[in-house]
Amino acid sequence: MEEEDVVDPWTVQSKSAAGVDYDKLIQRFGSTKIEPPLIARIERATGRPVHHLLKREIFFSHRDLELILDRYEAKQPFFLYTGRGPSSEAMHLGHLIPFIFTKWLQDTFDVPLVIQMTDDEKFLWKDLTLEETHRLAMENAKDIIAVGFDVNKTFIFADTDFVKDEFYRNVCRIWKCVTVNQENHIFGMTSADSVGKIAFPAIQAAPSFSSSFPLIFGGRADVPCLIPCAIDQDPYFRMTRDAAPRLGFPKPALIHSTFIPALQGAQTKMSGSLPESSVYLIDTPEQIRDKIMKYAYSGGGSTVEEHRKHGGDCKTDISFQYLSFFLEDDEKLEETRKAYSSGKLLTGELKKQLIDLIQNIVAEHQERRSQVTDDVVLQYMMPRPLNA
Ligand code: TRP
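Here's a quick rundown of the structure. (Residues numbered from 1 in each chain as written. Predicted model: local features only at pLDDT ≥ 70, side-chain atom pairs only at ≥ 80, totals over all residues. Heavy atoms only, no water.)

Right, let's get into helix α4 (residues 65-73). Along α4, the residues classified as buried are L65, I68, L69 and R71. One side of α4 holds all its buried residues, which, seen down the axis, span an arc of 160°. The inward-facing, buried residues of α4 contact α2 (36-46), β4 (59-63), α5 (93-109), β8 (225-230) and β9 (253-257). (Buried < 20%, exposed > 50% of the residue type's maximum accessible area, 1.4 Å probe, protein only. Helix = DSSP H or I, 4+ residues; strand = E, 2+ residues; numbered from the N terminus. Arc of directions from axis to C-beta. Contact = heavy atoms within 4.5 Å.)

What follows deals with unusual backbone geometry. Even without being a glycine, D64 presents a positive backbone phi close to 60°. With phi around 55°, D110 is a residue other than glycine that occupies positive phi space. Examined against the element boundaries, D110 turns out to sit in the loop between α5 and β6 (113-117). Taking relative accessible area as the criterion, D110 reaches 41% and is therefore assigned partly exposed.

To continue, consider the packing of helix α9 (residues 165-177) against helix α11 (residues 195-205). Where α9 meets α11, the closest approach of the two axes is 9 Å, and the angle between their N-to-C directions is 125°. Here α9 is positioned oblique relative to α11, judged by the angle of their axes. Handedness of the crossing formed by α9 with α11: right-handed. On α11, the residues that touch F167, V171, I174 and W175 of α9 are A199, A202, I203 and A205. Here the residues of the contact of α9 with α11 are counted per class, giving 8 nonpolar, no polar and no charged. (Axes fitted to C-alpha atoms, helices over the stretch in contact; angles between N-to-C directions. Parallel < 35°, antiparallel > 145°, perpendicular 65-115°, else oblique. Left-handed = near helix turned anticlockwise from the far one by under 90°. Nonpolar A, V, L, I, M, F, W, Y, C, P; charged D, E, K, R; others polar.)

So, on to the pattern of salt bridges. On inspection of all chains with the given rule, the structure shows 28 salt bridges. In this structure, D70 engages R41 in a salt bridge whose closest nitrogen and oxygen atoms are separated by 2.7 Å. Here the residue D70 occupies a position in helix α4, and R41 occupies one in helix α2, the gap between them amounting to 29 residues. Taking the relative accessible area as the measure of exposure, D70 reaches 38% and is therefore partly exposed. For R41, the salt bridge is made with E73, and the minimal N-O distance between the two is 2.9 Å. With a gap of 32 residues between them, R41 in helix α2 and E73 in helix α4 connect regions that are remote in the sequence. A relative accessible area of 16% means that R41 is categorised as buried. When salt bridges that share partners are traced, they join E139, K142, D143, R369 and D374 into one network. (Salt bridge = Lys/Arg side-chain N within 4 Å of Asp/Glu carboxyl O.)

Structural measurements only, silent on function.
This is the structure:
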């Protein structure tokens, strides 16, 4: 019997070297695949080419994205909402993906963005104190800001600072209309879980509703949001979409990404708790080179002769996969794909290309991050109206 991939907010695991079967996942979750006509519509509506992460099906699935485009075309407001669970100091390359894409969305649609740092969540799930998860939230916020979000259009908050007033009232409303049974069904939580874990999903749901941010939306409750996130977060928003009509709020729309595979292979995702699986944003050029050389799973032939004869398999080759996440130049990527799968390009040469690219991206990130002082973080975190 074929075993199902496991994808939930805590685990991503597949038996296949090509990774999670995302078409099956779409069916199982009941979301919608992003097809070429929808991409063409986005290009028409915005008057520019879509981001390579969308074109390459890394953002591959959605819920109600058409409704957001309807609004955009009718010049009605919407906002963006995304977040980060601050569980460690060292963010890795995979953590940047939703934020890079969110920045593109913000620049393209010119809308307000709220970013939730769930320090409460990581306190509840990990062996960390609240002081520590709050500190990690502030540190991770620097990496997020370094992606380049416009301070005039972006509000970042840590839950343990911001969950009060209108936000908390919405949390209470959500609590009242979701049962423990429903959560059990959606998340597999049981009566052995802490009360905190059972309460938490409402906290991740609340930023989907514009009335949680009266300073930004002037008390309006009818402005819908679009949530860019990795697809493992979908369960939270299935719950939210279920609750929304009962509260008289619009359902959040979603745009989902795949996971960046671990260096060792696509059976699992890059994970901050497995140092050999990840390229961290604090890695030195040498560390980046060594990890990619040593660990990046190769879909190439086992000998040079074999490789020249049969070529490499881009579907399982991790270096090629990473290029498709990070190399913006479509022509160069296609050239590399052809050269590698025909056997002209060797694994060592492919890795060299990837190492140069990642060293550059990480060095540039580190440079931008070094400019983000504690004061800059506080500017983004100050509750205030936004100009978008
Ligand atoms: N639960 C997410 C995590 O562990 C953090 C998060 C909160 C989030 N709100 C979100 C992620 C909205 C995406 C979209 O990383």
